[in-house]
Amino acid sequence: MLSPSKVKFRKIQKGRVGSIANRGVKLAFGEYGLKALEAGKISAQEIEAARIAINRFVRRKGKLWIRVFPDKPISKKPAEVRMGSGKGPHDHWAAVIRPGKILYEMEGVDEDSAREAMRLASYKLSIATKFVSRSEELL
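Residues numbered from 1 in each chain as written. Predicted model: local features only at pLDDT ≥ 70, side-chain atom pairs only at ≥ 80, totals over all residues. Heavy atoms only, no water.

Asker: Just checking my understanding: could you explain the sheet that holds strand 7 (residues 129-133) for this structure?
Answerer: Across a sheet, strands are paired by hydrogen bonds formed along the backbone, either parallel or antiparallel in direction. Taking strand neighbours across the sheet as the criterion, the four strands line up as 3-6-1-7 in an open arrangement whose pairing is antiparallel. For this open sheet the edge positions go to strand 3 (63-66) and strand 7, each flanked by a neighbour on one side alone. The mean inter-strand angle of the sheet, taken between neighbouring strand axes irrespective of direction, is 20°. Bridge count for strand 3 against strand 6 (residues 102-107) is four bridges, and the pairing is antiparallel. When the bridges of strand 6 are listed, Leu-64 appears paired with Met-106. Seen against the sheet, helix 1 (residues 44-57) touches strand 3 and strand 6 and runs at an angle of roughly 20° to strand 6. Relative to strand 1 (residues 32-36), helix 2 (residues 111-124) is tilted by about 30°, and along the sheet it contacts strand 1, strand 6 and strand 7. (Pairing = 2+ DSSP bridges. Helix = DSSP H or I, 4+ residues; strand = E, 2+ residues; numbered from the N terminus. Axes fitted to C-alpha atoms, helices over the stretch in contact; angles between N-to-C directions. Contact = heavy atoms within 4.5 Å.)

This is the structure we're talking about:
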């Protein structure tokens, strides 16, 4: 599971996801990618599940890049606990996603295989995504 090796603060505030992404919006490494269409948080488990779905479908051919990293600690209080008494303990790590951000990139496979692999990966994620390719990006 992805997680930072060291953080400055154990718990951080929730914050709000702002406007569309400025960085990480174009394909930088591979020929095909999976782009986020809406804002949200993706947990480390979702990122890993999508990575496994892609690798299983393409049978580990080609190369895969993960362009997001879960660096935000999410805290959660146990069920049926009364209000107050501070913030709950750390539960999991999440990546904050803005619309337009490229989540995964891949190359070394044909477009049909890449499209199907990204479709399977999108089912594992809690936000809406779309398939993008370098040839479409140039248009």
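Asker: Help me out: how do you make sense of the side chain of Ser-122 in this one?
Answerer: Residue position: Ser-122 is located in helix 2. When its relative accessible area of 19% is taken as the criterion, Ser-122 is described as buried. A distance of 2.6 Å separates the side chain of Ser-122 from the backbone oxygen of Arg-119, its partner in a polar contact. Not counting chain neighbours up to four residues away, the residues in contact with Ser-122 comprise Leu-34 and Thr-129. (Buried < 20%, exposed > 50% of the residue type's maximum accessible area, 1.4 Å probe, protein only. Polar contact = N/O pair within 3.5 Å; in protein donor to acceptor, adjacent residues only side chain to side chain.)

Asker: What am I meant to see in the packing of aromatic side chains here?
Answerer: Geometry of an aromatic ring pair is reported as the spacing of the ring centres plus the angle between the planes. Following the criterion strictly, the structure yields two aromatic pairs and no others. Between the aromatic rings of Phe-29 and Trp-65, the centroid separation amounts to 5.6 Å while the plane-to-plane angle is 20°, which identifies the pairing as stacked. Of the two residues, Phe-29 is situated in the segment before strand 1 and Trp-65 in strand 3; the sequence distance between them amounts to 36 residues. A relative accessible area of 45% places Phe-29 in the partly exposed class. Judged by centre distance (5.7 Å) and plane angle (20°), the rings of Tyr-32 and Phe-131 are stacked. Of this pair, Tyr-32 sits in strand 1 while Phe-131 is found in strand 7, placing the two residues 99 residues apart along the sequence. Taking the relative accessible area as the measure of exposure, Tyr-32 reaches 12% and is therefore buried. (Phe/Tyr/Trp six-rings, centres within 6.5 Å; stacked < 30°, edge-to-face > 60°.)

Asker: I'm lost on the packing of helix 1 against helix 2 in this one. Help?
Answerer: Any two packed helices are characterised by the angle at which their axes cross and by the distance between the axes. In contact at an axis separation of 8 Å, helix 1 and helix 2 are set at 150° when each is read in the N-to-C sense. Comparing the axis directions of helix 1 and helix 2 gives the class roughly antiparallel. Considering the relative orientation of helix 1 and helix 2, their crossing is right-handed. For the pair helix 1 and helix 2, contact is made by Glu-46, Ala-49, Ala-50, Ala-53, Ile-54 and Phe-57 and by Ser-113, Glu-116, Ala-117, Met-118, Leu-120, Ala-121 and Lys-124, respectively. (Parallel < 35°, antiparallel > 145°, perpendicular 65-115°, else oblique. Left-handed = near helix turned anticlockwise from the far one by under 90°.)

Asker: Looking at this model, I keep getting lost on the sheet that holds strand 2 (residues 40-43). Mind explaining?
Answerer: The strand order across the open sheet formed by three strands is 2-5-4, and the pairing between neighbours is antiparallel. Lying at the two open borders of the sheet, with one neighbouring strand each, are strand 2 and strand 4 (72-75). Going from strand to strand, the sheet's axes swing by 50° on average, the running direction of each strand aside. Sheet topology places strand 4 next to strand 5 (residues 90-97); four bridges connect them, and they run antiparallel. Directly across from Lys-72, in strand 5, lies its bridge partner Ala-94. Set on the sheet, helix 1 makes contact with strand 2 and strand 5; between it and strand 2 the angle comes to about 65°.

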